[in-house]
Amino acid sequence: MTLRAVLAFPAIRVLDADLLQRAVEVYEVHRLDFADAYLVASAERTGIGVIASFDRTIDRVTTVRREEPGRAKRRQRYASARLARASIYPLTMTVSVATVR
């Protein structure tokens, strides 16, 4: 059973179906971990475009830019990377919110 099939069950309710569907698409197409795929989808949605991460698999996605936290500081872009990290990570918590009846 695929993740899309599970999400199609009427008993499962999500807070933001469009965001979750995009995360699933990134997960399937770019072969990222689901958490990273959700970060990418969140970055796309918010228009931030930068994700602070050490995970190089995010580089497979061309719609966002990955910055390693230490390197971003040396390049004077640390503020934007911190903003992306601070804005996106709270959104990842909503992935686990589902109501099953």
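Preceding block: the structure.
Below is a short write-up of the structure. (Residues numbered from 1 in each chain as written. Predicted model: local features only at pLDDT ≥ 70, side-chain atom pairs only at ≥ 80, totals over all residues. Heavy atoms only, no water.)

Bringing the overall build of the chain into the picture now. The secondary structure content of the chain amounts to five helices and two strands. In the chain, the order of α-helices and β-strands from amino to carboxyl end is α-α-α-β-β-α-α. Within the chain, the fraction of its 101 residues that count as buried is 29%. Of the contacts made within the chain by residues no fewer than 6 positions apart, 40% connect residues no fewer than 24 positions apart. Looking at the chain as shown, the accessible area adds up to about 6,400 Å², and 54% of this sits on carbon and sulfur atoms. (Helix = DSSP H or I, 4+ residues; strand = E, 2+ residues; numbered from the N terminus. Buried < 20%, exposed > 50% of the residue type's maximum accessible area, 1.4 Å probe, protein only. Contact = heavy atoms within 4.5 Å. Areas by Shrake-Rupley, 256 points an atom, 1.4 Å probe, with all protein chains shown as cover.)

Any pair of aromatic rings gets described here by the distance separating the centres and the angle formed by the planes. Counting across every chain of the model gives two aromatic pairs. Both rings, one in Phe34 and one in Tyr38, keep their centres 6.4 Å apart while their planes meet at 40°; by these two values the pair is tilted. Linking Phe34 with Tyr38, this pair stays in helix H3 (residues 34-46), spanning four residues, or about one helical turn. Taken together, the ring pairs connect Tyr27, Phe34 and Tyr38 into an aromatic cluster. (Phe/Tyr/Trp six-rings, centres within 6.5 Å; stacked < 30°, edge-to-face > 60°.)

Backbone geometry at Arg31 places phi at a positive 55°, although glycine is not the residue there. Tracing the backbone shows Arg31 in the loop between helix H2 (17-30) and H3. Judged by relative accessible area, Arg31 falls into the exposed class, the value being 65%.

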